[in-house]
Each structure stands twice: as C-alpha cells, then as structure tokens.
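The lines below spell out each chain.
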Amino acid sequence: MQANSQGAKDTQPQNKGTFRRRRLVMLMLACFMSWAGVTLWNQIGKISERKDKVAALEQKEAEVTQINEETQREIARLNDPEYVSQKIRKDLHYIKKGERLFFTPVAPKQ
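J.: Which residues make up the overall build of the protein chain, and what are the values?
T.: The number of helices and strands found in the protein chain is 3 helices and 0 strands. The secondary structure elements of the protein chain, listed N-terminal to C-terminal, are α-α-α. Of all 110 residues assigned to the protein chain, the portion counted as buried reaches 1%. Accessible area of the protein chain: about 11400 Å², with a carbon and sulfur share of 59%.

Here it is as structure tokens:
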C-alpha cells in the first residue's frame, strides 16, 4: 500500500519552487510571444506602405524616362535645318516671301 501512495506523490512536483519557476518561465514566454506578434503586425503594415511608395516611384521613374527619351529625340532633330525651319514657321508663325498666313478661329470652350 505504501508503494501505491508513493507513486501518487511522484506525479506532483516535489516542491512549490519548481512549479513557481515553471509558471514564471511560461508567463515570460507568453509576454515575449505577445510582443513578437505585435511587432510583426506593425512591420507587415510598414512593409505594405513601403511597397506602395516603391510602386508610385517606379511609375514616376517610367514617366520621367519617357520624357527624357522624347527630349533626346527632339535635340537630335534640332540638328536638322529643315526641321528647325518647319518648327520656326509653325511655332513662331514666320512665313517665306510671297506666302500668306491664315489663322482659323478657335471656338471658345464652355
């Protein structure tokens, strides 16, 4: 009979100190996991914001690159005297001797 009573006592902790230490470790582990979860959640939000900013900047970069390419083409075309003459006639309304310039009225916007 004493053997059975000894076996029942073995399943319980030998002293209260080990139980308290285990409970303290588990509490600290729970606190750490909670902190890690909150930090992870915040980082996910920041990462999504950064992805949006990167996408907007990439789109802006593509627009600027396109404008740059158009400007480079325009610079290359300005070396052609015929293009320069055409540009002056169109933008500054210059005419050659003996030509007449006609303006077409533009309807006002409403």
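Next comes the rest of the account.
J.: So what's going on with a nonpolar patch on the surface? Which residues, and what values?
T.: Where nonpolar side chains cluster on the molecular surface, the patch consists of M26, L29, F32, M33 and W35 and spans about 590 Å² of accessible area. If you trace the backbone, L29 turns up in helix α2 (residues 16-77). Relative accessible area serves as the criterion here: at 44%, L29 is assigned to the partly exposed category.

J.: Pulling in residues and values, what's your account of unusual backbone geometry?
T.: You will see that H93, though not glycine, has its phi angle at about 60 degrees, which is positive. Note on placement: H93 falls in the segment after α3 (81-91). Look at H93 and you get partly exposed, because its relative accessible area is 41%.

J.: How would you explain the packing of aromatic side chains if you had to name every residue and give the values?
T.: We describe a pair of aromatic rings using the distance from one ring centre to the other and the angle between the two ring planes. Taken as a whole, this structure holds 1 aromatic pair when the rule is applied. Arranged with centres 5.8 Å apart and planes meeting at 35 degrees, the rings of F32 and W35 form a pair that is tilted. On the criterion of helical spacing, the pair formed by F32 and W35 is a turn pair, its members being 3 residues apart in helix α2. Classification of F32 as partly exposed rests on a relative accessible area of 46%.

J.: With reference to specific residues and values, describe the confidence of the model for the protein chain.
T.: Residues with a pLDDT of 70 or more make up 87% of the protein chain, whose mean pLDDT is 86. Averaged pLDDT values over the elements of the protein chain bottom out at 52 in helix α1 (residues 2-10) and peak at 95 in α2.

Here is what the cut-offs are and how they apply
Residues numbered from 1 in each chain as written. Predicted model: local features only at pLDDT ≥ 70, side-chain atom pairs only at ≥ 80, totals over all residues. Heavy atoms only, no water. Helix = DSSP H or I, 4+ residues; strand = E, 2+ residues; numbered from the N terminus. Buried < 20%, exposed > 50% of the residue type's maximum accessible area, 1.4 Å probe, protein only. Areas by Shrake-Rupley, 256 points an atom, 1.4 Å probe, with all protein chains shown as cover. Patch = residues over 30% accessible without salt bridge, like charges linked within 9 Å, V, L, I, M, F, W, Y side chains within 5 Å. Salt bridge = Lys/Arg side-chain N within 4 Å of Asp/Glu carboxyl O. Phe/Tyr/Trp six-rings, centres within 6.5 Å; stacked < 30°, edge-to-face > 60°. pLDDT = per-residue confidence, 0-100.

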